[in-house]
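Coordinate inspection notes
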Amino acid sequence: MGWLLIATVLTALFMILTSNIYPFLAPEKPPQKGLMVIEGWIHDTALDEAIARFQEGDYSKIACTGVPFEIGSYLFDFKSYPEMTAMRLIKQGIDPEKIIISVGDDVKKDRTYMAATALKKSLRDQNIAETDLHLITTGPHGRRSLILFKKALGPQYTIGVTCLPPPSYDPADWYTCSEGVRYVINELLAYGYAKLFFHP
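Now for a look at the structure at hand.

Conventions adopted
Residues numbered from 1 in each chain as written. Predicted model: local features only at pLDDT ≥ 70, side-chain atom pairs only at ≥ 80, totals over all residues. Heavy atoms only, no water. Helix = DSSP H or I, 4+ residues; strand = E, 2+ residues; numbered from the N terminus. Polar contact = N/O pair within 3.5 Å; in protein donor to acceptor, adjacent residues only side chain to side chain. Contact = heavy atoms within 4.5 Å. Core = buried A, V, L, I, M, F, W, Y, C linked by side-chain atoms within 4.5 Å. Buried < 20%, exposed > 50% of the residue type's maximum accessible area, 1.4 Å probe, protein only. Patch = residues over 30% accessible without salt bridge, like charges linked within 9 Å, V, L, I, M, F, W, Y side chains within 5 Å. Areas by Shrake-Rupley, 256 points an atom, 1.4 Å probe, with all protein chains shown as cover. Salt bridge = Lys/Arg side-chain N within 4 Å of Asp/Glu carboxyl O. Lys, Arg positive; Asp, Glu negative; His and termini not counted. Charge placed at Lys NZ, Arg CZ, Asp CG, Glu CD. 1 Å grid on protein atoms, 1.4 Å probe; cavity = no way out; pocket = protein on both sides within 12 Å on 5 of 7 lines; lining within 4 Å. Points joined across faces, edges and corners; volume = space filled by probe spheres on them. Nonpolar A, V, L, I, M, F, W, Y, C, P; charged D, E, K, R; others polar. Pairing = 2+ DSSP bridges. Axes fitted to C-alpha atoms, helices over the stretch in contact; angles between N-to-C directions.

The next point concerns the side chain of Ser-80. Among the structural elements, Ser-80 can be located in the loop between strand S2 (59-66) and helix H3 (81-91). Polar side-chain contacts of Ser-80 include one of 2.8 Å to the side chain of Glu-83. In this structure Ser-80 touches Val-67, Pro-68, Phe-69 and Val-103, once residues within four positions along its chain are discounted.

With 32 residues, the main nonpolar core has Val-37, Leu-119, Leu-133, Phe-149 and Ile-159 as its most contacted residues. The set of elements that each furnish at least two residues to this core consists of helix H1 (2-25), strand S1 (34-39), helix H4 (111-125), strand S4 (132-138), helix H5 (142-153), strand S5 (158-164) and helix H6 (178-196). Counting residues per element, this core draws most heavily on H5, which supplies 6 residues. For Leu-119, the contacting residues outside a window of four places in its chain are Val-37, Ala-63, Thr-65, Ser-102, Leu-133, Phe-149 and Leu-153.

Our next topic: a positive patch on the surface. Side chains of Lys-29, Lys-150, Lys-151 and Lys-195 sit close together on the surface and give a patch of like positive charge. Note that Lys-195 resides in helix H6.

By volume, the largest pocket amounts to about 570 Å³. Looking at the largest pocket, it is lined by 25 residues, and the ones nearest its centre are Trp-41, His-141, Arg-144, Tyr-183 and Glu-187. Every element with two or more residues in the lining of the largest pocket is listed here: S2, H4 and H6. A class-by-class count of the residues in the lining of the largest pocket yields 10 nonpolar, 8 polar and 7 charged.

This part takes up unusual backbone geometry. Look at the link from Pro-30 to Pro-31: it is a cis peptide, with omega at 5°. The residue Pro-31 is located in the loop between H1 and S1 in this model. For Asp-110, which is not glycine, the phi dihedral falls at a positive 55°. In this fold, Asp-110 is placed in the loop between strand S3 (99-103) and H4. If you check the backbone angles, Asn-127 has positive phi at about 55° while not being a glycine. Looking at the element boundaries, Asn-127 is found in the loop between H4 and S4.

Further remarks concern the environment of Lys-29. Its place among the elements puts Lys-29 in the loop between H1 and S1. The exposure class assigned to Lys-29 is partly exposed, which follows from its relative accessible area of 32%. Residue contacts for Lys-29: discarding those within four places in its chain leaves Arg-143, Leu-146, Gly-160 and Val-161.

Whether parallel or antiparallel, the strands of a sheet pair through hydrogen bonds between backbone atoms. Strands sit in the order S3-S2-S1-S4-S5 across an open sheet of 5 strands; the sheet is parallel. In this open sheet, the two strands that pair with only one neighbour each are S3 and S5. Sheet twist, expressed as the mean angle between neighbouring strand axes with direction ignored, is 25°. Where S4 meets S5, 7 bridges bridge the pair, whose relative direction is parallel. By the bridge assignment for S5, Thr-138 is matched with Leu-164.

Spelled out as structure tokens, the structure:
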């Protein structure tokens, strides 16, 4: 009977954990207006959704953020994720005048934070006064990105976030797929680092 009780409790804890951890790491927060900010590495389906939201919503411009490519940069005319995503946006009909390209420094760690600091510099250099930002990312990366963008940009900005579904697993069943488990656990640990230990 004791082992049955322990198994029941452990099963209940597992179900609570698996049903709540993904929504925690992939929040949906307002505002969803102002300047749309896209993390440049998002996959094509997510980018298509972001474009639809941009065209239908109350947005002034769309910013592409990220860092230089780690591999294959000599194959393209562009050298970074933001430049690549800007070209993807243009191919999909977005006016180039509406696009901001913001490339962070080529670093080995804290890449999301460096992308966010580069965005702050781009907004300052282009005299963009918009303070409502809507961050578009994918999967369980969202809460960590939101924290780091807030730290980089400062309290004068109000930042919302949308976490679009990842391409390779179902968010509702992330624990049944090796890639889902790997990404969610990695992001949980990275979130803990960003929340507790990371200081600009």
